[in-house]
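A closer look at the structure
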Amino acid sequence: MRDFAIGELAAETGVKIPTIRYYESIGLIDAPPRTTGNQRRYGNAALERLKFIAHARAMGFPMPSLKAMLRIAGHKDAPCTDLDELVRDRLVEVDDRIARLTALRGELSSMLDSHHHGTIGECRIVEVLSDHDRCATEH
């Protein structure tokens, strides 16, 4: 079993050192043992847990969902339904964001298509941006 200094753990996971310390402070990862020189030494379990946390955060899971996932993951014989629900909730958020971004893309494209690329005095983009009520989308 290998142990890691905090800098090595950061390099292995892509998680910054202050973030690792923060995760320790809020209990997402256990505080590791320290050397006689007071250096933190993390084991493979911390490495794997931090990889899980980093991946879940990169996928946009909010902290409460992440905490729930970690709690659930600690019960190997439990059914997956609670994890399924957390992932389903995140998928709904992603689908909603895609819909809003797609509508925003259409609005931006329409702004470009609807003016004559003349002078600023004739520019419909300034006119549209000056009147939020003209927006067809929620952004």
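Scroll up a little and you will see the structure.
Please read these numbers as outputs of a predicted model, since none were measured by experiment. By convention here, each chain's residues receive numbers from 1 onward along its written sequence. Note on the predicted model: pLDDT of at least 70 is required for a residue's local features to be given, and 80 or more for side-chain atom pairs to be given and counted; whole-chain, interface and lining totals, by contrast, use all residues. Working from all heavy atoms in the structure, the side-chain values ignore hydrogens and water.

**Describing the overall build of the protein**
Just so we agree on the cut-off: Secondary structure follows DSSP: runs of H or I at least 4 residues long count as helices, runs of E at least 2 residues long count as strands, and numbering of each begins at the N terminus. With the radius of gyration taken over C-alpha atoms, the globule rule is written as 2.2 Å times the number of residues to the power 0.38.
Counting its regular elements, the protein contains six helices and zero strands. For the protein, the succession of helices and strands along the chain, N to C, is α-α-α-α-α-α. Relative to the globule expectation of 14 Å for 139 residues, the C-alpha radius of gyration of the protein, 24 Å, shows a markedly less compact shape. Oriented by its inertia axes, the alpha-carbon framework of the protein measures out at about 70 × 40 × 20 Å.

**Describing the pattern of salt bridges**
Our working rule: Salt-bridge detection follows one rule: a side-chain nitrogen of Lys or Arg within 4 Å of a carboxyl oxygen of Asp or Glu. Burial classes: relative accessible area under 20% of the type maximum marks a residue as buried, over 50% as exposed, and values in between as partly exposed (1.4 Å probe, protein chains only).
For the coordinates displayed, the defined rule picks out seven salt bridges. A salt bridge links Glu-8 to Arg-2; the nearest nitrogen and oxygen atoms lie 3.7 Å apart. The salt bridge partner of Glu-24 is Arg-40, with a shortest N-O separation of 3.1 Å. Taken together, the positions of Glu-24 in helix H2 (residues 17-25) and Arg-40 in the loop between H2 and helix H3 (44-58) put the pair 16 residues apart, joining distant regions of the chain. In this structure, Glu-24 and Arg-40 share a single accessibility class: buried.

**Quick word on the nonpolar core**
Rules: Residues belong to one nonpolar core when they are buried, are Ala, Val, Leu, Ile, Met, Phe, Trp, Tyr or Cys, and are joined through side-chain atoms within 4.5 Å. The criterion used for residue contact is that any of the two residues' heavy atoms lie within 4.5 Å.
Membership of the largest hydrophobic core comes to 23 residues, with the highest contact counts inside it found for Leu-9, Ile-20, Tyr-23, Leu-28, Tyr-42, Ile-53 and Leu-66. Secondary-structure elements contributing two or more residues to this core are helix H1 (6-13), H2, H3 and helix H4 (63-73). The leading source of residues in this core is H4, at six residues. Those residues in contact with Leu-28 that sit more than four places away from it in its chain are Tyr-23, Arg-49, Ile-53, Met-63, Leu-66, Lys-67 and Leu-70.

**Remarks on the side chain of Thr-13**
As a reminder, the rule being used: Any pair of N or O atoms that falls within 3.5 Å is considered a polar contact. Within protein, one atom must be able to donate a hydrogen and the other to accept it, and sequence-neighbouring residues count only if both atoms are side-chain atoms.
One can find Thr-13 in helix H1. A polar contact is formed between the side chain of Thr-13 and the backbone oxygen of Leu-9, at a distance of 2.8 Å. Not counting residues within four places of it along the chain, the set of residues in contact with Thr-13 comprises Leu-47, Leu-50, Lys-51 and Ala-54.

**A short note on unusual backbone geometry**
At Asn-38, a residue that is not glycine, the phi angle is positive and equals roughly 70 degrees. Counting through the fold element by element, Asn-38 comes out in the loop between H2 and H3.

**What to know about the packing of aromatic side chains**
Let me state the cut-off plainly: Aromatic pairs are defined between Phe, Tyr and Trp rings, using the six-membered ring for Trp, whenever the two ring centres lie within 6.5 Å; interplanar angles under 30 degrees are classed as stacked, those over 60 as edge-to-face, and all others as tilted.
Scanning the model with the defined rule gives one aromatic pair in all. Where Tyr-22 meets Tyr-23, the ring centres are 6.1 Å apart and the plane angle is 50 degrees; that geometry is what we call tilted.

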